[in-house]
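Examining the three-dimensional arrangement
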Amino acid sequence: MPRPRTHDENLRLKLLDRAGELISADGPKALSLRKLAADVGTSTTAVYSLFGGKTDLVSALFTEGFRRFGRRMSGVTLSGDPVEDLVRLGVAYRESALADPHLYAIMFTKSVPGFEPAEETSEQARATMAPLEGTIRKAVADGVFLDVPPEVVTVACWGFVHGLVSLELNGNLPEQYTVSTAYETALRVNATGWLRR
């Protein structure tokens, strides 16, 4: 009979989520492997066994964040209407950030000084934006969006959504801004602004 696995996927995910929470709440100096292990109810040996050292753990956080984000983005049912699809993708972006705020900063900021993802990992992260890029590229090619390089539209739309989501996550939106209604309206206005008149 095989030995039971003590360091399984469930433990790996618990460790990643807790590590992300520690960094998100108190910065990268709060990430002690001993504290992490204690918080999750395991040993530091398990942490080392699953991730190696701290650098590998941060890399795993980055990868896991984009894995979850990519799953949400690729799960969006696209309608073929680029305005509607940009709104749907923007909603998925926000849902991903709200579901995993503890991973968001690791994914999109330099919250861990000195951490640079490996080139292969960076490419996998960029690939999560494929639904957005594909929607925009097709809309430009079909003459629905303005005749500008699709990369310009992609980065502008990403920056717009990222800015709103970051303001929300950091508690910097004005009190009168009701995110549930205003966010989708803002996405739609941004998307229609790219339409060819």
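In this report, we go over the structure that sits alongside the text.

The rules behind each value
- Residues numbered from 1 in each chain as written.
- Predicted model: local features only at pLDDT ≥ 70, side-chain atom pairs only at ≥ 80, totals over all residues.
- Heavy atoms only, no water.
- Axes fitted to C-alpha atoms, helices over the stretch in contact; angles between N-to-C directions.
- Helix = DSSP H or I, 4+ residues; strand = E, 2+ residues; numbered from the N terminus.
- Parallel < 35°, antiparallel > 145°, perpendicular 65-115°, else oblique.
- Left-handed = near helix turned anticlockwise from the far one by under 90°.
- Contact = heavy atoms within 4.5 Å.
- Nonpolar A, V, L, I, M, F, W, Y, C, P; charged D, E, K, R; others polar.
- Salt bridge = Lys/Arg side-chain N within 4 Å of Asp/Glu carboxyl O.
- 1 Å grid on protein atoms, 1.4 Å probe; cavity = no way out; pocket = protein on both sides within 12 Å on 5 of 7 lines; lining within 4 Å.
- Points joined across faces, edges and corners; volume = space filled by probe spheres on them.
- Core = buried A, V, L, I, M, F, W, Y, C linked by side-chain atoms within 4.5 Å.
- Buried < 20%, exposed > 50% of the residue type's maximum accessible area, 1.4 Å probe, protein only.
- Expected span 1.5 Å × (residues − 1).
- Arc of directions from axis to C-beta.

**Section: the packing of helix 1 (residues 9–26) against helix 2 (residues 33–40)**
Closest axis-to-axis distance for the helix 1/helix 2 pair is 10 Å, and the angle between their directions is 120 degrees. Classified by the interaxial angle, the pair formed by helix 1 and helix 2 is oblique. Taken as a pair, helix 1 and helix 2 cross one another with a handedness that is right-handed. When helix 1 is examined against helix 2, the residues L11, K14, L15, R18, A19 and L22 are found in contact with a partner set consisting of K35, L36, D39 and V40. Here the contact of helix 1 with helix 2 is built from residues that sort into six nonpolar, no polar and four charged.

**Concerning the pattern of salt bridges**
Side-chain pairs of opposite charge can arise where the charged atoms are in close proximity. Summed over the entire model, instances satisfying the criterion amount to 16 salt bridges. E168 is the salt-bridge partner of R94, the closest N and O atoms lying 2.7 Å from each other. Of this pair, R94 sits in helix 5 (residues 82–99) while E168 sits in helix 9 (residues 150–169), and the two are 74 residues apart along the sequence. Overlapping salt bridges bring together E9, R12, D17, E64, R67, R68 and D100 as one network.

**Thoughts on the layout of surface pockets**
The computed volume of the largest pocket comes to approximately 440 Å³. If you trace the largest pocket, you find 22 residues lining it, with F62, F66, M107, F108 and W158 closest to the centre. Where the lining of the largest pocket is concerned, the elements lending two or more residues are helix 4 (54–74), helix 6 (101–108), helix 7 (119–127) and helix 9. It is helix 9 that provides the largest number of residues to the lining of the largest pocket, a total of four residues. Considered as a void within the structure, the second largest pocket measures approximately 180 Å³ in volume. Contributions of two or more residues to the lining of the second largest pocket are made by helix 6 and helix 9. Its residues assigned to classes, the lining of the second largest pocket comprises four nonpolar, five polar and no charged.

**Structural notes on the nonpolar core**
With 56 residues, the main nonpolar core has L31, L36, L57, Y93, I136 and F145 as its most contacted residues. Once residues within four sequence positions are removed from consideration, L36 is found in contact with L15, R18, A19, L22, L31, V47 and L57.

**Some remarks on helix 8 (residues 130–141)**
Under the 1.5 Å per step criterion, the end-to-end length of helix 8 is 16 Å for 12 residues, consistent within 8% with the ideal 16 Å. Buried within helix 8 are the following residues: P131, L132, T135, I136, A139 and V140. Seen end-on, helix 8 carries its buried residues on one side only, within an arc spanning 160 degrees. Residues K138 and A141 are exposed on helix 8 and point more than 90 degrees away from its buried face. The elements touched by buried residues of helix 8 are helix 4, helix 5 and helix 9. Phi turns positive one or two residues past the end of helix 8, at G143, with a value near 80 degrees.

**Description of empty space enclosed by the protein**
Using the criterion set out here, one finds two cavities of 30 Å³ or more in the structure. Computed from the structure, the largest cavity encloses a volume of approximately 120 Å³. Lining the largest cavity are 14 residues; nearest its centre among them are L86, G90, L132, C157 and V161. For the second largest cavity, the calculated volume is near 40 Å³. Lining of the second largest cavity is provided by F69, Y93, S96, A97, D100, Y104, M107 and F108. Taken together, the elements giving at least two residues each to the lining of the second largest cavity come down to helix 5 and helix 6. For the lining of the second largest cavity, the class distribution of residues is six nonpolar, one polar and one charged.

Interpretation note: all reported values are geometric properties and have no functional meaning in isolation.
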